[in-house]
Structures are given as structure tokens and as C-alpha cells.
Amino acid sequence: AQSVAQPEDQVNVAEGNPLTVKCTYSVSGNPYLFWYVQYPNRGLQFLLKYITGDNLVKGSYGFEAEFNKSQTSFHLKKPSALVSDSALYFCAVRDMSDYKLSFGAGTTVTVRA
Amino acid sequence: DSGVTQTPKHLITATGQRVTLRCSPRSGDLSVYWYQQSLDQGLQFLIQYYNGEERAKGNILERFSAQQFPDLHSELNLSSLELGDSALYFCASSVEGSGRAGTGELFFGEGSRLTVL
């Protein structure tokens with residue numbers, strides 16, 4: 001079975017500082033990996049994905065993620081965090097048999113002014 | 001706006017009751033997925049439909065059922081409701097199998113918040 005783990009429940013950073021949200025995965029075969037963001041009382045919004053190719057993936061709102069096969073990680077990063085980046089972030093892996101996504105537990109990011 | 005529409009946005013009901021949540025996928029998407037988000041369980045996959053047929057089943061209780069209609073909208077039926085069923089229920093759709101290019105991301109609706117009293 002495929003799964004992802006987000007080891008941190010919460011990440012707190014100051015505005016302007018780099019932001020990293022960690023994710024590790026477990027799959028059989030090549031992984032399809034995703035990051036989503038959820039703002040309060042809203043649905044999940046797609047940020048970026050890794051399918052194949054360059055290990056550094058760029059996405060929406062200045063976010064990027066680095067795929068590391070040897071460490072089975074797919075950490076989300078932003079060079080300079082904004083207060084508006086405060087939200088719940090989910091890492092997900094795609095099941096290759098039926099296309100459903102399995103999500104991590106989520107990481108709450110708080111960016112203080 | 002993801003293009004996925006869910007109704008109702010909020011629903012308050014009593015234990016033992018039955019409710020129906022509705023989802024309209026993005027235009028042209030054939031696959032519909034239902035997820036449950038609760039504080040203690042996180043985001044749990046319930047069930048997937050593809051072009052009217054059940055394709056995958058996750059942690060869906062026997063009291064819950066779903067279907068996808070010929071116009072591709074989907075309904076999630078929750079019966080004999082318990083307090084623990086209070087959660088945010090999301091519907092998502094994807095382009096898989098529709099003939100359009102895509103690489104697996106799901107597009108989520110805004111969710112239906114169910115409160116069971």
C-alpha cells in the first residue's frame with residue numbers, strides 16, 4: 001500500500017524566513033507525489049506535483065518541492081514565507097491502480113508577522 | 001474556483017437521521033472521489049466512481065453509500081447518523097479516463113460540513 005507521512009503537526013516561521021514542510025513517502029514503483037493547501041473552511045487547492053523529470057518542482061504561490069528518491073522525501077519549500085501562507089498543508093501520493101490520492105495527516109503552517 | 005460544486009455547504013441534523021450530499025464534477029471529468037475530513041481521522045478516502053461505476057472503495061462505513069448518475073454528478077448518502085459522523089465531506093474530480101491530458105491531480109470542491117447533534 002502507498003502512504004505518505006508528514007512528521008510535523010505544526011511549523012512556525014517568521015514572515016520573510018524560509019519555510020519547509022516535510023513529507024516522506026512509501027510506494028511500490030515510481031511515485032506520483034502532490035502537495036495541496038487548505039485554508040480555513042475551504043477545499044483543498046492543488047499546489048504542485050512530481051511525476052517525473054527534474055527533482056525540483058515549482059508550483060503555485062512561489063512554492064517548490066524537492067523530490068529525493070534516495071531519502072523517499074518530497075519536502076515543500078518557500079524561500080520567503082508570507083503571513084498569507086498560514087494554512088494546512090497536505091502531501092499526497094497517487095495510487096497507480098485506481099488513481100485515488102492518499103493524504104498525509106497534514107501540517108499546520110503559521111507564519112507570524 | 002476548482003469547478004467542482006458541492007451542496008449543501010452546511011448541514012445540521014440529528015442522530016439516526018439520513019442525509020444526501022451532492023457533487024457536480026468539473027465539466028468533462030468522469031471520475032469522482034469522496035473524502036471525509038475529521039479532526040481525529042484526518043483526510044480519509046471513502047469511495048471513487050468512474051463513469052457511473054464504482055472503482056475503488058476506502059474506509060467507507062456500511063451506513064454510507066454513493067452513486068454516480070448518467071450526467072456524472074454524484075451523491076453520497078449517509079444514514080443512521082452518529083455523532084462521530086460529524087465531519088467535512090469533500091468531493092473531488094479528475095480527468096483520468098476522459099481522454100484529456102492529465103497527470104493525476106484531483107480538483108476539490110469546497111466541501112459539505114455535516115454536524116450531527
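Our structure is the block above this text.
Because the structure is predicted, anything quoted here is derived from the model rather than measured. Throughout, residues of each chain are indexed from 1 in the direction in which the sequence is written. The naming scheme follows written order: chains are lettered A onward, ligands numbered 1 onward. In keeping with the model being predicted, local features are shown solely for residues with a pLDDT of at least 70 and side-chain atom pairs are shown and tallied solely at 80 or more, while totals for entire chains, interfaces and linings include all residues. Note that water and hydrogens are dropped before the side-chain values are worked out from all heavy atoms of the structure.

This part covers the overall build of chain B. The helix count covers DSSP runs of H or I at least four residues long, the strand count covers runs of E at least two residues long, and both are numbered beginning at the N terminus. A count of helices and strands for chain B gives 0 helices and 11 strands. Secondary structure elements of chain B, listed N to C terminal, follow the sequence β-β-β-β-β-β-β-β-β-β-β. For chain B, whose C-alpha radius of gyration is 14 Å, the value lies close to the compact-globule estimate of 13 Å for 117 residues. Its C-alpha atoms give chain B principal-axis dimensions of roughly 45 × 25 × 25 Å. A fraction of 56% describes how many contacts in chain B between residues 6 or more apart in sequence connect residues 24 or more apart. In the form shown here, chain B has an accessible surface area of approximately 5400 Å², with 48% of it arising from carbon and sulfur atoms. Neither His nor the chain ends contribute to the count of charged residues, in which Lys and Arg are positive and Asp and Glu negative. Charged side chains are reduced to one point each, which is NZ for Lys, CZ for Arg, CG for Asp and CD for Glu. In chain B, 9 positive and 13 negative side-chain charges are present, and the distance between their average locations comes to 3 Å. As defined in this context, the radius of gyration uses C-alpha atoms, and a globule is described by 2.2 Å times the residue total to the power 0.38. Any pair of residues with heavy atoms lying within 4.5 Å of one another is described as a contacting pair. Using a 1.4 Å probe, accessible areas were evaluated by the Shrake-Rupley method; residue-level cover was limited to the displayed protein chains.

Taken together, the 19 residues of chain A in the interface contact 19 residues of chain B. Buried area is calculated as the accessible area (1.4 Å probe) missing from two parts once they are joined, with the contributions of both summed. Both sides together, the interface formed by chain A and chain B hides about 1700 Å², and carbon and sulfur atoms give 53% of it. By the criterion of area lost to chain B, the three top residues of chain A are Leu44(A), Tyr99(A) and Lys100(A), representing 28% of everything that side buries. Should a side-chain nitrogen of Lys or Arg be within 4 Å of a carboxyl oxygen of Asp or Glu, the pair is scored as a salt bridge. The partner of Arg42(A) in a salt bridge is Glu110(B), and the shortest N-O contact between them spans 2.5 Å. Whenever a nitrogen or oxygen atom comes within 3.5 Å of another N or O atom, the pair is scored as a polar contact, on the condition that within protein one atom can donate a hydrogen and the other can accept it, and that pairs from neighbouring residues in sequence are kept only if both atoms are in side chains. Seen at the junction of chain A and chain B, the total is 5 residue pairs in polar contact (both at pLDDT 80 or more). Mapped onto the side of chain A that touches chain B, the elements with two or more residues apiece are β5 (33-38), β6 (44-50), β10 (87-94) and β11 (101-103) of chain A. Each residue gets one of three labels, nonpolar for Ala, Val, Leu, Ile, Met, Phe, Trp, Tyr, Cys and Pro, charged for Asp, Glu, Lys and Arg, and polar for the others, Gly among them. In terms of residue class, the side of chain A that touches chain B is built from 11 nonpolar, 3 polar and 5 charged.

What follows is about the pairing of strand β8 (residues 64-68) of chain A. All names here are of chain A. Where strand β7 (residues 56-58) meets β8, 3 bridges bridge the pair, whose relative direction is antiparallel. Considered in β8, the bridge of Lys58 is made with Glu64. What sits between β7 and β8 in their antiparallel hairpin is a turn of 5 residues, with Tyr61 showing a positive phi close to 55 degrees. Only strands that DSSP links by at least two bridges are regarded as paired with each other. By the bridge criterion, 5 bridges tie β8 to strand β9 (residues 73-78) in an arrangement that is antiparallel. Residue pairing across strands places Ala65 opposite Leu76, the latter belonging to β9. Counted between consecutive antiparallel strands, the loop separating β8 from β9 contains 4 residues, among which Thr72 sits at a positive phi close to 45 degrees.

What follows deals with the packing of aromatic side chains. Each pair of aromatic rings is reported with the distance of its centres and the angle of its planes. Two aromatic rings, drawn from Phe, Tyr or Trp (for Trp, its six-membered ring), form a pair once their centres lie within 6.5 Å of each other, and the interplanar angle then sorts them: stacked below 30 degrees, edge-to-face above 60, tilted otherwise. Throughout the structure, instances matching the rule amount to 15 aromatic pairs over all chains. Each ring, one from Phe103(A) and one from Tyr35(B), has its centre 5.4 Å from the other, and the planes form 85 degrees; the classification is edge-to-face. Placement of the pair is Phe103(A) in strand β11 and Tyr35(B) in strand β4 (residues 31-38), with the two residues belonging to separate chains. Among the residues examined, Phe103(A) registers a relative accessible area of 12% and is labelled buried. Aromatic ring contacts, followed pair by pair, group Phe34(A), Tyr36(A), Phe46(A), Phe90(A), Phe103(A), Tyr35(B), Phe45(B), Phe90(B) and Phe108(B) into a single cluster. The ring centre of Phe107(B) lies 3.7 Å from the NZ or CZ of Arg26(B), which sits over that ring. The rule for a charge over a ring is simple: NZ of Lys or CZ of Arg within 6 Å of the ring centre, and within 35 degrees of the ring normal. Positioned over the ring face of Tyr50(B) is Arg55(B), at 4.9 Å from the centre of the ring. Classification of residues uses two cut-offs on accessible area relative to the type maximum, computed with a 1.4 Å probe and protein chains only: under 20% is buried, over 50% is exposed, and between them is partly exposed.

Attention shifts here to the sheet that holds strand β8 (residues 74-78) of chain B. Whenever strands of a sheet pair, they do so through backbone hydrogen bonds, lying parallel or antiparallel. Residues and elements named next belong to chain B. The strand order β1-β3-β8-β7 describes an open sheet built from 4 strands, whose pairing is antiparallel. Among the strands making up the open sheet, the edge pair consists of β1 (5-7) and β7 (64-68). On average, adjacent strands in this sheet sit at an angle of 15 degrees to one another, irrespective of strand direction. In this structure, β1 lies alongside strand β3 (residues 19-24), joined through 3 bridges in antiparallel fashion. Counted as the bridge partner of Thr7 is Arg22 from β3. Here, axes are lines fitted to C-alpha atoms. For helices the fit covers the stretch in contact, and angles between N-to-C directions go from 0 to 180 degrees.

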